[in-house]
Amino acid sequence: QVQLVESGGGSVQPGGSLRLSCAASGNIFSIYVMGWYRQAPGKQRELVADITRNGNTNYAESVKGRFTISRDNAKNTAYLQMNSLKPEDTAVYYCNAGSGFAFRPYWGQGTQVTVSS
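Residues numbered from 1 in each chain as written. Predicted model: local features only at pLDDT ≥ 70, side-chain atom pairs only at ≥ 80, totals over all residues. Heavy atoms only, no water.

**A closer look at the sheet that holds strand β3 (residues 18-26)**
- Read across the sheet, four strands follow the order β1-β3-β8-β7 without closing on themselves; strand pairing throughout is antiparallel. Looking at strand neighbours, the two that pair on one side only are β1 (2-7) and β7 (67-72), the edges of this open sheet. When the angles between neighbouring strand axes are averaged without regard to direction, this sheet yields 15°.
- Sheet topology note: the β7/strand β8 (residues 77-82) ladder contains six bridges and is antiparallel. Each residue of the ladder has a partner; that of D72, found in β8, is T77. (Pairing = 2+ DSSP bridges. Helix = DSSP H or I, 4+ residues; strand = E, 2+ residues; numbered from the N terminus. Axes fitted to C-alpha atoms, helices over the stretch in contact; angles between N-to-C directions.)

**Concerning the pattern of salt bridges**
- Counted under the stated rule, the structure contains five salt bridges.
- E46 is the salt-bridge partner of R38, the closest N and O atoms lying 2.7 Å from each other.
- On the accessibility criterion, E46 (36% relative accessible area) is partly exposed.
- Close ionic contact of R104 with D50 constitutes a salt bridge, the shortest N to O distance being 3.0 Å. Remark: D50 occurs in strand β5 (residues 46-52) and R104 occurs in the loop between β9 (91-98) and β10 (106-107); sequence separation between them is 54 residues.
- The buried category is assigned to R104, whose relative accessible area is 14%. (Salt bridge = Lys/Arg side-chain N within 4 Å of Asp/Glu carboxyl O. Buried < 20%, exposed > 50% of the residue type's maximum accessible area, 1.4 Å probe, protein only.)

**Structural notes on the pairing of strand β11 (residues 111-115)**
- Across the two faces of β11 the burial differs, with T111, V113 and V115 buried and Q112 and T114 not buried at all.
- One ladder, built from three bridges, connects strand β2 (residues 10-12) with β11; its direction is parallel. Across the sheet, the residue bridging to G10 is V113, located in β11.
- Taken together, the three bridges between β9 and β11 define a ladder with antiparallel strand orientation. Counted as the bridge partner of A91 is V113 from β11.

**Focus: the nonpolar core**
- In terms of nonpolar packing, the biggest core is built from 31 residues, with L4, M34, W36, L80, M82 and Y93 touching the most fellow members.
- Taken together, the elements giving at least two residues each to this core come down to β1, β3, β4 (33-39), β5, β7, β8, β9 and β11.
- Contact partners of Y93, with chain neighbours within four places excluded, come to E6, L20, W36, Y37, R38, V48, F67, L80, M82, G110, T111 and V113. (Core = buried A, V, L, I, M, F, W, Y, C linked by side-chain atoms within 4.5 Å. Contact = heavy atoms within 4.5 Å.)

**So, the state of the cysteines**
- Enumeration according to the criterion identifies one disulfide in this entry.
- Covalent S-S linkage joins C22 and C95, the inter-sulfur distance amounting to 2.0 Å. Across the S-S bond of C22 and C95 the torsion is about -80°, and the bridge reads as left-handed. Of the two residues, C22 sits in strand β3 while C95 sits in strand β9, which places them 73 residues apart along the sequence.
- A relative accessible area of 0% places C22 in the buried class. (Disulfide = S-S within 2.5 Å.)

Below is the structure:
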């Protein structure tokens, strides 16, 4: 089993920045991919970005150029640096992890990000 704990959410004005962290514990050696999903009210959960153990990244088109995902394997932690935030980025952000792209069963509890003036 793997446990994921997120931190770093909050409220920010449009154009601002936030950094999310996701710390993994438990059977960490099984984790190959870590990522961030988000879910806005009334919408489906969507992939924001993910990163493999060797640093390959993937981003949703809506966040390319504004968000950066990174990973510290020594600390078993993934980060999501979010810049130039927009109101449409408002959502609950969930950390996700798994042993492969098709097997990602581990989820964090979610952290709220609100972008509003």
